[in-house]
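A closer look at the structure
Now for the letters of each chain:
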Amino acid sequence: MKMRKLSVVFVAIVLAVVVSGCRHQTPVAKNNPVNTQPPAPSPLASLTASPTSVDRGQPVQLSWNTQNATSITIEGIGSVSASGSRTITPQSSTTYHLLAKGDGGDAEANARVTVSVPTTTTTTTQGPSDEQLFAQNVKDVFFSYDKYDIRTEDQQVVNADASFLAQHPKIAVLIQGHCDERGSDEYNMGLGENRAEEVKSSLVKQGVSADRIKIISYGKEKPFCTRSETEDCWQENRRAHFAFAGSNEQVANGSR
């Protein structure tokens, strides 16, 4: 009987201890899962130009494509849509820069267009040649019948010829002495030479170098007028005729 009571008491004590320990035990917190979202995707961008090399004034097709971007700009153009194309006409070589921005960061793309600037061709108007200037400015000197001295009215012509030749020192000249058909061949050859020599002497006195001037006499061999035997026609043949001889070294042979 006593043993049964003792057993009951022991069980009661154990139960009391167990209940008391349960009351003071700290409850274990449950593991709740963390509510995390995946990162935003990074933007992607591409930019192309076609063609990449043009002459100034020619068009270029600029095309682009982006993904995961909320703001897209092209330098020199401004804000653009996520994808598209545009025709541009660059005036100089340019690198077009695209910047795409999104929640996941930034992306960039470039396209280079090389512009060739045509060389401006300057057309130089070529002036008249020395020979053309010579023909326009140097005049023949005429003489009286059977004379070789320079007449007063013809001295101004000689002065103008001297002035032109002084301004064009590279031009050489051949002075041809001519006569009308009257008189012998021998006499007219001498008279023609005297006429050419007289004009040469006047030019030299006015500063034209003597080594630029050669003379020759044709007498009455090469008349300028053959239409009639009149004073008007003969007057045309009594002259010192100037012929362009190029440079100083190109004066015709046969000078006297």
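Scroll up to find the structure this text is about.
1. A short note on the state of the cysteines
One pass over the full model with this rule turns up 1 disulfide. The partner cysteine of C225 in its disulfide is C233, sulfur to sulfur 1.9 Å. Disulfide C225-C233: torsion about the S-S bond near -115 degrees, hence left-handed. Of the two residues examined, C225 and C233, each falls in the buried class.

2. What about the pattern of salt bridges?
Close approach of charged atoms allows side chains with opposite charge to pair. Using the criterion set out here, one finds 9 salt bridges in the structure. Linking R238 and D180 is a salt bridge whose minimum nitrogen-to-oxygen distance equals 3.1 Å. Taken together, the residues R238 in the loop between α5 (231-237) and β12 (239-244) and D180 in the loop between β10 (173-178) and α4 (185-205) connect sequence positions 58 residues apart. No difference in accessibility class separates R238 from D180, as the two residues are buried. A salt bridge links R238 to E231, with the nearest nitrogen and oxygen atoms 2.6 Å apart. Counted as one network, the salt bridges with shared partners bring together D180, R182, E231 and R238.

3. Section: the packing of helix α2 (residues 130-137) against helix α3 (residues 152-167)
Here α2 crosses α3 at 165 degrees, and the two axes come no closer than 10 Å. Overall, the two elements α2 and α3 adopt an arrangement that is roughly antiparallel. When you trace α2 past α3, the crossing you get is right-handed. Facing α2, whose interface residues are L133, F134 and N137, α3 presents D161, F164 and L165. When grouped by side-chain class, the residues that make up the contact of α2 with α3 number 4 nonpolar, 1 polar and 1 charged.

Calculation notes
- Residues numbered from 1 in each chain as written.
- Predicted model: local features only at pLDDT ≥ 70, side-chain atom pairs only at ≥ 80, totals over all residues.
- Heavy atoms only, no water.
- Disulfide = S-S within 2.5 Å.
- Buried < 20%, exposed > 50% of the residue type's maximum accessible area, 1.4 Å probe, protein only.
- Salt bridge = Lys/Arg side-chain N within 4 Å of Asp/Glu carboxyl O.
- Helix = DSSP H or I, 4+ residues; strand = E, 2+ residues; numbered from the N terminus.
- Axes fitted to C-alpha atoms, helices over the stretch in contact; angles between N-to-C directions.
- Parallel < 35°, antiparallel > 145°, perpendicular 65-115°, else oblique.
- Left-handed = near helix turned anticlockwise from the far one by under 90°.
- Contact = heavy atoms within 4.5 Å.
- Nonpolar A, V, L, I, M, F, W, Y, C, P; charged D, E, K, R; others polar.

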